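Structural features, examined
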Amino acid sequence: MKKIKLMLIEDEEFDKIRVEKTLQTIPNKFEISHFVSDGRTAIEKLKNNPNSVDVVIMDFQIAGGIMGEALIKRIKEVNSLIQIIVISKMTMNITDFDFANSLISAGAFWYCTKYPADIREYIYQPTDFILSIFNAYEKKLLEEEKVNSNIKLQIGVDRVLEKSRIIGSSSKINELKEEIEKYAVSKASVLITGPSGSGKELVATALHYKSERKFENFITVNCSSIPFELIESELFGYEKGAFTGADKNKKGLFEQADKGTIFLDEVGELPLAAQAKLLRVLEAGEIEKIGRTGKSIVDVRVIAATNKDLKQGVDDKKFRADLYYRLNIIPISVPNLKDRTEDIQELFDFFLEKYSKSHGINKPKVLKDVYGVLNNHKWEGNIRELNSVAQRIVLSRVDVVDIITIYKALGTFEIEANQISKDFKNVFDSKNILSLKEFKKVIYTEYIKFVKNNSESDAETAKKLGIAQSNFHRLCVELGLK
Ligand SMILES: Nc1ncnc2c1ncn2[C@@H]1O[C@H](COP(=O)(O)OP(=O)(O)OP(=O)(O)O)[C@@H](O)[C@H]1O
Ligand SMILES: [Mg+2]
């Protein structure tokens, strides 16, 4: 076993020797790395080398500025893993629980009352004293392990959060991010509303992984995809023998989410019977398993989401009003993409980057007119639609995303192409025959506009048209394009 590293804070030589003698009753187990006689020096030494000490043994009342509870707290601030044993004269002959409590709540591990001064050999009953140091060290090791595994878990959490990062910097999305930060810490139920594909699941994920429950389970339940007759047994579980075919106990999703979060997606689809049971979980933390008379208690945070108007559901008697209010304690609404077009460019770029990386394909360059087309699109499928448009483009392996590429990826190419041919058809109007000069002007204008839209600069347009840039400029002026 490694020697336990001790710091002894004691200002009376007599007691210092008594502590040493007590420790020597079991040799080779301890190493006193620091002897100090005042609090300030102790803190300094610990700050310089916070890992040089496992357990501090400190006299309660010592000379110099910092002592007692204040010193305990300062040591814990420097390194919360260090365990502290207090030795004191103060409580001699009295059982002062309040005093003991105040030490423990300041962060001490244990305390003992020094033997009277006529016992020169020991500071305290040696076995008890030494055992308490062993226990303190054990506790330090356990806490260290916990910190280390929490670091590992935190790395996992950071990865999830990075993967489900919420992109966008419009004021609407910033408000949403602020709401997530604010409400993640709460245990209260959240109801996320918003159109399909707007990012509700992303919000639910962020709420869980930014909460104190982040190391516990995050269980997602899609209420519309579980067959109607299985919903209750899936959510709440059943006891063996509850019905034919129940040959063993089944844990419900609520039990799996115990201490963590359950995400009830499309909560509007829950049948009324399951709604009543859900209400009970929300109100009393109790789950009713099928086939069991007693109740089990769970501690689950509920986050629900819907793209339906649940209030309407309440009016139509499809959704329980009491459940609606119980779920809707913290309402979060996720905006339509169409209502925050400022984010489109950033999102589109983000998805292009993401899919180029994951498919190992070069990220294509986007011509600036493309964003105009994206901004004007309806985005009925919201971000999910934008996401697949970007993915489609990456997979088509184009080097440059121009207007035609984007129309094709949006599935509106035919419509746009029809629009172009309609413009040209107008030229063939029997009631308005154009002279050859006029005809040339219309055709040139439309075509130059089209090529311009698909180029980055005038120089590039001119090059594509096969004319010198000066001629291109002149032509534009002639046609009224400049
Ligand atoms: N702000 C955002 N930043 C990055 N990706 C996003 C953002 N919002 C949504 N997404 C992505 O868009 C897709 C759809 O999002 P999500 O599944 O969260 O939508 P939803 O609102 O739950 O949709 P539905 O109602 O159809 O279930 C996902 O791939 C998600 O990662
Ligand atoms: Mg969803």
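How each quantity is defined
Counting of residues starts from 1 at the beginning of each chain's written sequence and follows it residue by residue. Lettering of chains starts at A and numbering of ligands starts at 1, both following the order in which they are written. Totals for whole chains, interfaces and linings use every residue, but because this is a predicted model, local features are given only for residues with pLDDT of at least 70 and side-chain atom pairs only at 80 or more, for both listing and counting. Here a helix means four or more residues in a row that DSSP labels H or I, a strand means two or more in a row labelled E, and each is numbered from the N terminus. The atom set for the radius of gyration is the C-alpha atoms, and the globule formula is 2.2 Å times the number of residues raised to the power 0.38. With C-beta atoms placed from the backbone, a residue is buried if 20 or more other C-beta atoms are within 10 Å of its own, exposed if 12 or fewer are, and partly exposed between those counts. We call two residues in contact whenever the C-beta atoms placed from their backbones are within 7 Å. Each residue receives a C-beta atom placed from its backbone. It is near a molecule or strand if this atom lies within 6 Å of it. Any residue that is not Ala, Val, Leu, Ile, Met, Phe, Trp, Tyr, Cys, Pro, Asp, Glu, Lys or Arg is counted as polar, Gly included; the first ten are nonpolar and the last four charged. Here the bounds of each domain stem from an automatic or database domain assignment. Strand pairing requires that DSSP identify at least two bridges connecting the strands. As a rule, the C-alpha atoms of each element are fitted with a line to give its axis, helices using only the stretch in contact, and angles between N-to-C directions run from 0 to 180 degrees. Working rule for helices: expected span equals 1.5 Å times residues minus one. Each nonpolar core comprises buried Ala, Val, Leu, Ile, Met, Phe, Trp, Tyr and Cys residues, the members being joined through C-beta atoms within 7 Å. The directions from the helix axis to the C-beta atoms form the arc being described.

A few points about the overall build of the protein chain
- For the protein chain, the helix and strand inventory stands at 20 helices and 16 strands.
- Scaling as 2.2 N^0.38, a compact globule of 482 residues should have a C-alpha radius of gyration of about 23 Å, whereas the protein chain reaches 36 Å, well beyond that.
- A burial count over the protein chain gives 28% of its 482 residues as buried.
- The contacts of the protein chain with a sequence gap of at least 6 include a subset with a gap of at least 24, amounting to 75%.

A closer look at the environment of Ile-262
- Along the polypeptide, Ile-262 turns up in strand β10 (residues 261-265).
- For the pair Ile-262 and Ala-204, spaced 58 residues apart in the sequence, the C-alpha separation amounts to 9.4 Å.
- Residue contacts for Ile-262: discarding those within four places in its chain leaves Ile-219, Val-221, Leu-253, Phe-254, Ala-257, Val-300 and Val-302.

Considerations on the site of ligand 1
- Residues in close proximity to ligand 1 total 15 residues, the closest being Ile-167, Ser-196, Gly-199, Lys-200 and Glu-201.
- Mapped by element, the contributors of at least two residues to the shell around ligand 1 are α7 (200-209) and α15 (382-395).
- When grouped by side-chain class, the residues that make up the shell around ligand 1 number four nonpolar, eight polar and three charged.
- Each of domain 2 (166-335) and domain 3 (339-478) contributes no fewer than three residues to the shell around ligand 1.

Focus on the domain arrangement of the protein chain
- Parsing the protein chain into structural domains produces domain 1 (4-147), domain 2 (166-335) and domain 3 (339-478).
- Distance from the C-alpha centre of domain 1 to the C-alpha centre of domain 3: 75 Å.

Observations regarding the sheet that holds strand β5 (residues 110-113)
- Reading across from one edge, β2-β1-β3-β4-β5 is the order of the five strands in this open sheet, with parallel pairing throughout. Each of the sheet's edge strands pairs with one partner strand only, and the pair in question is β2 (30-36) and β5. For this sheet, the mean inter-axis angle between neighbouring strands, taken without regard to orientation, is 20°.
- By the bridge criterion, six bridges tie strand β1 (residues 4-9) to β2 in an arrangement that is parallel. By the bridge assignment for β2, Leu-8 is matched with Phe-35.

Describing unusual backbone geometry
- With a phi close to 75°, Lys-259 is a non-glycine residue in the positive phi region.
- Counting through the fold element by element, Lys-259 comes out in the loop between α9 (253-256) and β10.
- Here Asn-382, not a glycine, exhibits a phi torsion of approximately 55°, which is positive.
- Note that Asn-382 resides in helix α15.

Focus on helix α10 (residues 272-284)
- Taking 1.5 Å of rise per residue, 13 residues should cover 18 Å, and α10 covers 19 Å from first to last C-alpha, within 8% of that figure.
- On its buried face, α10 sits against α8 (231-236), α9, β11 (286-287) and α12 (321-327).
- Remark: Gly-285 follows α10 within two positions and exhibits a positive phi of approximately 70°.

Topic: the nonpolar core
- The biggest cluster of nonpolar side chains holds 39 residues, and the ones touching the most others in it are Ile-192, Val-203, Phe-254, Ile-262, Leu-264, Ile-303 and Ala-304.
- Per-element accounting of this core gives the leading share, five residues, to α7.
- Discounting residues that sit within four places of it in the chain, Ile-303 has contacts with Val-190, Ile-192, Ala-204, Leu-207, Thr-261 and Phe-263.

Considering α15
- If you check α15, its first and last C-alpha atoms are 20 Å apart, about what 14 residues at 1.5 Å a residue would give, namely 20 Å.
- The complete set of buried residues in α15 reads Asn-382, Ile-383, Leu-386, Val-389, Ala-390, Ile-393 and Val-394. One side of α15 holds all its buried residues, which, seen down the axis, span an arc of 135°.
- The secondary structure elements touched by the buried residues of α15 are α13 (344-359), β16 (400-401) and α16 (403-410).

Concerning the sheet that holds strand β13 (residues 301-306)
- One open sheet holds the five strands; their spatial order is β7-β10-β13-β6-β14, and the pairing between them is parallel. Only two strands of the sheet have a single partner each, and these edge strands are β7 (218-222) and β14 (330-333). Within this sheet the neighbouring strands show an average axis-to-axis angle of 20°, counted without direction.
- Of the pairings in the sheet, the one linking β7 to β10 comprises five bridges and is parallel in character. Bridge pairing in β10 places Thr-220 opposite Phe-263.

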